[in-house]
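# A structural walkthrough
Each chain, letter by letter, is given below.
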Amino acid sequence: MLAVARIQDPIPKISSNTVKCEICKIQKSHGNHFGVNSCRACAAFFRFFCKPCRLQRCFEGGMVTANFQYNRDGISPPSDTLATITTLNTIPPSLDQYLGKPHFLFLSEKNPKKTIIDLHRLLGEASKILNLGPAAPIFCEGNQLRKLSFGLKNDFNLAKLKMAKKMTKSEIAGNWEHYVKKVATWLTHFDEYKKLSIGLQMKILQTIWHIWSRLEKLSTTAKYRRVSGKIKKTEIVVQNGVLIDISDVDFDSSWLSDFPTETVRGFLMHSSCDQFTVTDGLYALQLTDIELTYMLAQLCFQYAGNRYQGEVQEVCDRFMTVLSNDLHDYYVNELDNPRYAQRLAKMMQLNNAIQMNLPEKQCQICAKPSNGMHFGAMTCRACAAFFRRAVVLKLEYTCKEKKMCNLEVVGRSICRYCRFEKCKEIGMDPEKVVLDYDPTTSQKVPVMAKKSENLGISENPTVSNPKEKITIKIDFSETVGKIEEIFETKRDSETEDEEEGPKIYLNDLQNLTKGLKEFRENIQPKIDIQKLGKADMKKVFYWLNVRIRKYAKWFSHATYLMEKLPMDQKFQLYRTSWNVIRVFERLSMTWMHYGQEMFDGNFILVSDDTVMVIDESLIHLEEISELTDRYFQRLFHPFLNKYMEEVARPMSELDLTEEEVVFCMVHILGFDVTDLAPETLEILHKFKEIIADQMHNYYMNSTNHKVYSHRILKLMKLVKTITTIAREKAKIKDVIWIFDIYKAEISDPYFFQMF
């Protein structure tokens, strides 16, 4: 088989983007490919050789024309598509299917028909409301949460409620206007908000009004169900006095699109289905106006802070500190309920469920949705690619204006000079750009035939054809047996009092904290901890077995779950959550052991005596894959950087105690509900309530955080962040398993997770 050696010559300096391809002399060069400055077309030609040879290899590899499928046209949907789209739980069709033709044809059409919606007047009215303030002065003796609750004006009246049978442009636009004005009026009741400049006030208002309206609709719908006694899930109160049945309403989409109403409806109504569980939760909680106000504020201000970062993030954090203190006063002094941790945790779980469907972070350069951390800053892929291109090709730009160009524009008219300066301003580091990275390079590398290894692996794998590669078998069966033994072992829930001698009963929070301390007792001194260079599969398999069993032993200290759940459900709950629990615990342990050094060195403790440096350490996955170790590093390390920046840094600011770490680990349990029975989820929710209630005793008796509402809010935010990252990472892992990237027989994919 032919092999092409990649030439590792340094990339020549290029001062402008007008250099021609050295091969075809026609196209502009796109960079260094295989040692030559060439365009992508010539690089691809060199990479893939000739077409006849490629076709011959397809035949030799076993590809046959008999396996062609001729009914997979994404443009022409099957006849029953429109009927199925009307079902609320149907996944929306693809863009091509929705448009009825390839999307690139639609985007290239000239002068398409558009409905122009001018919001200048509405924004002007909203600005006027903010400037005028509340209609009448309100005196609440310094409690800004109560004052803000007066702005709700939830005049729900069942007798005046009318069922809307048709939703037209007029009704929808009226709904927008209703909520923009309502949110603006609500914000005028918040003294801290009124201290901001009018420009910042409008920016936050435009960001949060639709999020605010979503929770307000759901809470009003829950109240409607409670008052009327009707539990039809498809009925939603869209604004005071208007009720619609989303499965039956006549939706006029002619002003919005030329495509069939059923198709448009499938897109617009699909997100509403995800909120049914939130409505059920609100129905069960029966929130007071103060609690609903707090939920609205937390949902909106956290969303705005996450989107814009910087000044907006600081402002929103300050808002929530004030409101959290007021909520504590409300529970303790007005409701005489100092044990509110359990109820607050439930409220935050509902808010987290709503946030799952919301884009959170914006690119710090162009304000489009962010894709994660790139070269040290939160950006979209386009701005990351722009920065890398500018650094690698050493491009120099000039600004045609006053070096103050607006970067939040659509299209290619964005000023490249200002864009690059903004990249540097927000902290994008040219040193983090890999200069020899070539996206057109084949990741397939020659590997030596694999020897049979004893990794908990079959000693004598069978090989039907001597020319075939031996497949490594990674078997977790022994570990699974050990886990079941651990879960069957009854844990001691008592400890001796050091002063008096008699044994003291430990509650679940104390028992899990005891288990965590036992888990960590063998951590080595800093001087004895080594950096991981490259870990082969044998070492990885050993580490995984040790960590899986250790976390299982910690999990077994949850006596309530051990007593209530059958063995199969204990095991499933643990195996689907263990890795995210591990990441959270390792991040907190690294901060506790190293402090600021973990960020300076960008590393995480992976065991009692080893740290993994995120940008340097490698897992030798080439043993079980044809892809290179560096490829896997580029694939997964962005998620590790997210863990560091979005979880570890906020965690370091809180400086968590071990009890708080346990609280978060418990709330991570069940984030993946795969194969969990409804009874299991009910028991798990009850267990989380018990832990939240025990956190109250811990805060009141063992800490100085007597007003702990804001701290609980921060803890729940950490849980939401790490589970969100884990879900994003799971999509990559699914692709790996679907396309059989690992050339190994792995008995349980849930346990084969590096980080």
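Residues numbered from 1 in each chain as written. Predicted model: local features only at pLDDT ≥ 70, side-chain atom pairs only at ≥ 80, totals over all residues. Heavy atoms only, no water.

In the nomenclature of an unreviewed UniProt entry, the protein corresponds to Nuclear receptor domain-containing protein from the organism Caenorhabditis nigoni. On record in UniProt, under Sequence similarities (unreviewed entry), the comment for the protein is "Belongs to the nuclear hormone receptor family." According to UniProt, the comment filed for the protein under the heading Subcellular location (unreviewed entry) is "Nucleus". (UniProt positions renumbered as here; feature names shortened; annotations may be inferred.)

Assigned secondary structure in the protein consists of 27 helices and 18 strands. By residue count, 48% of the 755 residues in the protein fall in the buried class. A sequence separation of at least 24 residues applies to 72% of the contacts in the protein between residues at least 6 apart. (Helix = DSSP H or I, 4+ residues; strand = E, 2+ residues; numbered from the N terminus. Buried < 20%, exposed > 50% of the residue type's maximum accessible area, 1.4 Å probe, protein only. Contact = heavy atoms within 4.5 Å.)

Strand order across the open sheet formed by three strands is 3-6-5, with mixed pairing between neighbours. Two strands bound the open sheet, and with one partner strand each, they are strand 3 (162-163) and strand 5 (235-239). Relative to strand 5, helix 10 (residues 198-228) is tilted by about 125 degrees, and along the sheet it contacts strand 5 and strand 6 (242-245). (Pairing = 2+ DSSP bridges. Axes fitted to C-alpha atoms, helices over the stretch in contact; angles between N-to-C directions.)

With the rule as written, the count across this model stands at 28 salt bridges. Its salt-bridge partner being Glu 585, residue Arg 520 comes within 2.8 Å of it at the nearest N-O pair. With Arg 520 in helix 19 (residues 508-520) and Glu 585 in helix 22 (residues 567-594), this pair connects stretches of sequence that are 65 residues apart. The same class applies to Arg 520 as to Glu 585, namely buried. Between Glu 645 and Arg 649 there is a salt bridge, with its nearest N and O atoms 3.0 Å apart. One end of the pair, Glu 645, and the other, Arg 649, are both in helix 24 (residues 629-654), four residues apart, so they sit about a helical turn from each other. Judged by relative accessible area, which is 32%, Glu 645 ranks as partly exposed. On the basis of relative accessibility, which here comes to 31%, the residue Arg 649 falls in the partly exposed class. If you follow the salt bridges from partner to partner, you end up with Lys 517, Arg 520, Glu 585, Arg 586 and Glu 658 in one network. (Salt bridge = Lys/Arg side-chain N within 4 Å of Asp/Glu carboxyl O.)

In this section: the pairing of strand 15 (residues 603-607). Counting buried positions along strand 15 gives five out of five residues, so the element sits mostly inside the fold. In terms of strand pairing, strand 15 meets strand 16 (residues 610-613) through four bridges, oriented antiparallel. Its bridge partner lying in strand 16, Phe 603 is registered against Val 613. Once strand 15 ends, the chain turns through two residues before running back antiparallel as strand 16.

Turning next to the sheet that holds strand 15. Sheet strands line up and pair through hydrogen bonds in the backbone, either parallel or antiparallel. The mixed open sheet is built from three strands, whose spatial order is 13-16-15. Of all the strands in the sheet, just strand 13 (530-531) and strand 15 have a single pairing partner and so form its edges. As defined by bridge partners, strand 13 adjoins strand 16 across two bridges and the pair is classed as parallel. Paired with Gln 530 across the strands is Thr 610, a residue of strand 16.

Its 28 residues give helix 22 an end-to-end C-alpha distance of 38 Å, which sits within 8% of 40 Å, the value for a rise of 1.5 Å per residue. Taking the largest bend as the criterion, helix 22 deviates by roughly 50 degrees, centred on Trp 578. Counting buried residues along helix 22, 24 of its 28 residues qualify, which places the element largely inside the surrounding structure. Of the residues flanking the end of helix 22, it is Gly 595, one or two places downstream, whose phi is positive at about 65 degrees. (Expected span 1.5 Å × (residues − 1). Bend = angle between axes of the 7 residues up to and from the residue.)

Applying the stated criterion across every chain, the model contains 30 aromatic pairs. Taken together, a centroid distance of 4.8 Å and an interplanar angle of 10 degrees make the contact between Tyr 331 and Tyr 340 stacked. For the pair formed by Tyr 331 and Tyr 340, the shared burial category is buried. These aromatic residues form a ring-pair network of at least three members: Phe 476, Phe 519, Phe 541, Tyr 551, Phe 571, Trp 578 and Phe 751. (Phe/Tyr/Trp six-rings, centres within 6.5 Å; stacked < 30°, edge-to-face > 60°.)

Moving on, we come to the side chain of Ser 219. With respect to the helices and strands, Ser 219 occurs in helix 10. Not counting chain neighbours up to four residues away, the residues in contact with Ser 219 comprise Leu 282 and Leu 292.

Per the counting criterion, the structure on display carries zero disulfides. Counting only cysteine sulfurs, Cys 316 is the nearest neighbor of Cys 300, a cysteine outside any disulfide, at a range of 9.6 Å. Classification of Cys 300 by relative accessible area gives buried; the value is 0%. (Disulfide = S-S within 2.5 Å.)

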